[in-house]
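Chains, contacts and geometry: an overview
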Amino acid sequence: MKNILTVQQQKDDFDRIANDYRNWFSKASALHFSAKELFKIYNKARKEIEQPGEGKAPISIFISDQVLLLEGFAIECMLKGLYIASGKKLSLDGKIINPVRKSHDLVAWCRLT
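Now for a look at the structure at hand. (Residues numbered from 1 in each chain as written. Predicted model: local features only at pLDDT ≥ 70, side-chain atom pairs only at ≥ 80, totals over all residues. Heavy atoms only, no water.)

Quick look at helix α2 (residues 21-50)
Helical geometry note: an α-helix holds 3.6 residues per turn, so side chains three or four residues apart project in the same direction. For α2, with 30 residues, the first-to-last C-alpha span of 43 Å sits near the 44 Å given by 1.5 Å per residue. Buried residues along α2 sit in contact with α1 (7-18) and α3 (64-85). For α2, the capping residue at the N-terminal end is Asp 20, with a side-chain oxygen 3.0 Å from the backbone nitrogen of Arg 22. (Helix = DSSP H or I, 4+ residues; strand = E, 2+ residues; numbered from the N terminus. Expected span 1.5 Å × (residues − 1). Contact = heavy atoms within 4.5 Å. Polar contact = N/O pair within 3.5 Å; in protein donor to acceptor, adjacent residues only side chain to side chain.)

A word on the environment of Lys 40
With respect to the helices and strands, the residue Lys 40 is situated in helix α2. On the accessibility criterion, Lys 40 (53% relative accessible area) is exposed. Remark: the alpha-carbon pair of Lys 40 and Gly 87, spanning 47 residues in sequence, is separated by 37 Å. Here Glu 37 takes part through its side chain, which lies 3.0 Å from a polar atom of the side chain of Lys 40. (Buried < 20%, exposed > 50% of the residue type's maximum accessible area, 1.4 Å probe, protein only.)

Some remarks on the side chain of Glu 76
Along the chain, Glu 76 falls in helix α3. Given the relative accessible area of 5%, Glu 76 is considered buried. A distance of 2.8 Å separates a polar atom in the side chain of Glu 76 from a polar atom in the side chain of Lys 80. In this structure, Glu 76 is in contact with Ser 103, His 104 and Leu 106, ignoring residues within four places of it in sequence.

Quick look at the environment of Glu 76
When the C-alpha positions of Glu 76 and Phe 25 are compared, they lie 9.9 Å apart, and in sequence the two are 51 residues distant. A distance of 2.7 Å separates polar atoms of two side chains, one belonging to Glu 76 and the other to His 104.

Looking at unusual backbone geometry
The phi dihedral of Asp 93 is positive, around 55°, even though this residue is not glycine. Residue class for Asp 93 comes out partly exposed when judged on its relative accessible area of 38%.

Considerations on the nonpolar core
Note on soluble globular proteins: their nonpolar side chains tend to be buried together. Membership of the largest hydrophobic core is limited to 10 residues, which are Trp 24, Ala 28, Cys 77, Leu 79, Tyr 83, Ile 84, Leu 90, Val 100, Ala 108 and Trp 109. Where this core is concerned, the elements lending two or more residues are α2, α3 and α4 (106-112). The dominant element in this core, judged by the number of residues it contributes, is α3, at 4 residues. Ignoring anything within four residues of it in the chain, the contact list for Leu 79 reads Leu 106, Trp 109, Cys 110 and Thr 113. (Core = buried A, V, L, I, M, F, W, Y, C linked by side-chain atoms within 4.5 Å.)

Here we look at the pattern of salt bridges
By the definition in use, this model includes 7 salt bridges. A salt bridge links Arg 22 to Asp 20; its shortest N-O distance comes to 3.0 Å. (Salt bridge = Lys/Arg side-chain N within 4 Å of Asp/Glu carboxyl O.)

Focus on the packing of aromatic side chains
Inspection of the entire model under this criterion finds 3 aromatic pairs. Between Tyr 83 and Trp 109, the aromatic rings sit 5.5 Å apart at their centres with planes inclined by 85°, giving edge-to-face as the arrangement. Residue Tyr 83 is located in helix α3, and its partner Trp 109 is located in helix α4; the two are separated by 26 residues in the primary sequence. Looking at Tyr 83, the relative accessible area reads 8%, which means it is buried. Look at Trp 109 and you get buried, because its relative accessible area is 1%. The lysine or arginine in question, Arg 22, covers the ring of Tyr 21, its NZ or CZ lying 5.9 Å from the ring centre. (Phe/Tyr/Trp six-rings, centres within 6.5 Å; stacked < 30°, edge-to-face > 60°. Lys NZ or Arg CZ within 6 Å of the ring centre and 35° of its normal.)

In structure tokens form, the structure reads like this:
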């Protein structure tokens, strides 16, 4: 199937989306919301297993790592949004410009914003 956009149009579209701070803030908000919802499930499971009685721990007691992972991604998206809002770019000619050595290094992103 042939693309309906030229290669340059695809690059321009990618750059427009990647360099839009509102997009990053929206992603951060969605990730944070998801983490809060998972935390509610985790917290309910934690309270249930604290109650006396016998039974197996529900699988939801093991999702705390995923909650933290989503919150970390939310923070990263927020920092990238702040970076872009300050006038910088994350994409040029359809390619990611990575201003930090490791893209998920939150401390490095904090230093840039």
